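The lines below spell out each chain.
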Amino acid sequence: MNYNHININEHSCIYQFLTLGMSIRGIAKALHRSPSTISREIKRNSYRAWSNFKEHDRYFPVEAQEKYEERSRTAGEQGKYGKDKDPFNSYSLPHDTQRRHS
């Protein structure tokens, strides 16, 4: 599968478009990306912020890039099952389904 990571320029564009009130579909069209990619990017890299005594999510391009770089540095260090865990280590067939040879 071919894909490109969102770069710092695209992070900045997403921020500016969100500030202007543009929809996710509009941002996706402007950046030639899938709406789901833009939605996932915003969700993954937004911060909780307080403004006028209300809590809301904010997207900041520099922080988004830093989060991306941190995830990319630590990717693969610990898999889904942990470093020392092997999900197939203790796997065995139930006794009634094991083959019996004569």
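Each remark here, short or long, concerns the structure printed above.
What counts and how
- Residues numbered from 1 in each chain as written.
- Predicted model: local features only at pLDDT ≥ 70, side-chain atom pairs only at ≥ 80, totals over all residues.
- Heavy atoms only, no water.
- Buried < 20%, exposed > 50% of the residue type's maximum accessible area, 1.4 Å probe, protein only.
- Core = buried A, V, L, I, M, F, W, Y, C linked by side-chain atoms within 4.5 Å.
- Helix = DSSP H or I, 4+ residues; strand = E, 2+ residues; numbered from the N terminus.
- Contact = heavy atoms within 4.5 Å.
- 1 Å grid on protein atoms, 1.4 Å probe; cavity = no way out; pocket = protein on both sides within 12 Å on 5 of 7 lines; lining within 4 Å.
- Points joined across faces, edges and corners; volume = space filled by probe spheres on them.
- Polar contact = N/O pair within 3.5 Å; in protein donor to acceptor, adjacent residues only side chain to side chain.
- Phe/Tyr/Trp six-rings, centres within 6.5 Å; stacked < 30°, edge-to-face > 60°.
- Lys NZ or Arg CZ within 6 Å of the ring centre and 35° of its normal.

Novice: Teacher, can you tell me more about unusual backbone geometry here?
Specialist: The backbone of His32 shows a phi angle near 55°, a positive value even though the residue is not glycine. What makes His32 exposed here is its relative accessible area of 73%.

Novice: Please clarify how the nonpolar core should be interpreted in this entry.
Specialist: Within the largest apolar cluster, ten residues are counted, these being Ile6, Ile14, Phe17, Ile27, Ala28, Leu31, Ile38, Ile42, Tyr59 and Ala64. When residues of this core are traced back to their parent elements, those giving at least two are helix H1 (8-19), helix H2 (24-31) and helix H3 (35-44). Ranked by the residues each element gives to this core, the list is headed by H2, at three residues. In this structure, Ile38 is in contact with Ile14, Ile24, Ile27, Ala28, Leu31 and Arg33, ignoring residues within four places of it in sequence.

Novice: Looking at this structure, I do not really get the environment of Pro61. What am I missing?
Specialist: Assignment of secondary structure puts Pro61 in helix H4 (residues 61-74). For Pro61, a relative accessible area of 14% corresponds to the buried category. With 49 residues separating them along the chain, Pro61 and Ser12 place their C-alpha atoms 5.1 Å apart. With sequence-adjacent residues up to four places away left out, Pro61 is seen in contact with Ile8, His11, Ser12 and Tyr15.

Novice: Any chance you could explain the environment of Leu18 here in plain terms?
Specialist: Here Leu18 is to be found in helix H1. Owing to a relative accessible area of 30%, Leu18 belongs among the partly exposed residues under this scheme. Sequence-wise, Leu18 and Tyr59 are 41 residues apart; in three dimensions their C-alpha atoms are separated by 8.2 Å. For Leu18, the contacting residues outside a window of four places in its chain are Ile27, Ile42 and Tyr59.

Novice: What am I meant to see in the layout of surface pockets here?
Specialist: Over the atoms rolls a probe the size of a water molecule, and its path tells where empty space is left. Reported here for the largest pocket is a volume of approximately 410 Å³. Along the wall of the largest pocket there are 15 residues; nearest its centre are Asn4, His5, Ile6, Thr37 and Arg44. When residues in the lining of the largest pocket are grouped by element, the largest group, four residues, is from H3.

Novice: So what exactly am I meant to see when it comes to the side chain of His11 here?
Specialist: Mapped onto the secondary structure, His11 falls in helix H1. Owing to a relative accessible area of 1%, His11 belongs among the buried residues under this scheme. At 3.5 Å, the side chain of His11 and the backbone oxygen of Ile6 are in polar contact. A distance of 2.7 Å separates polar atoms of two side chains, one belonging to His11 and the other to Tyr59.

Novice: Before we go on, may I ask you to explain the packing of aromatic side chains in this structure?
Specialist: Each aromatic ring pair is characterised by the separation of its centres together with the angle its planes make. All told, the structure shown has one aromatic pair when counted by the stated rule. The ring of Tyr47 is capped by Lys67, whose NZ or CZ atom sits 4.5 Å from the centre of that ring.

The analysis is restricted to geometry; functional conclusions fall outside its scope.
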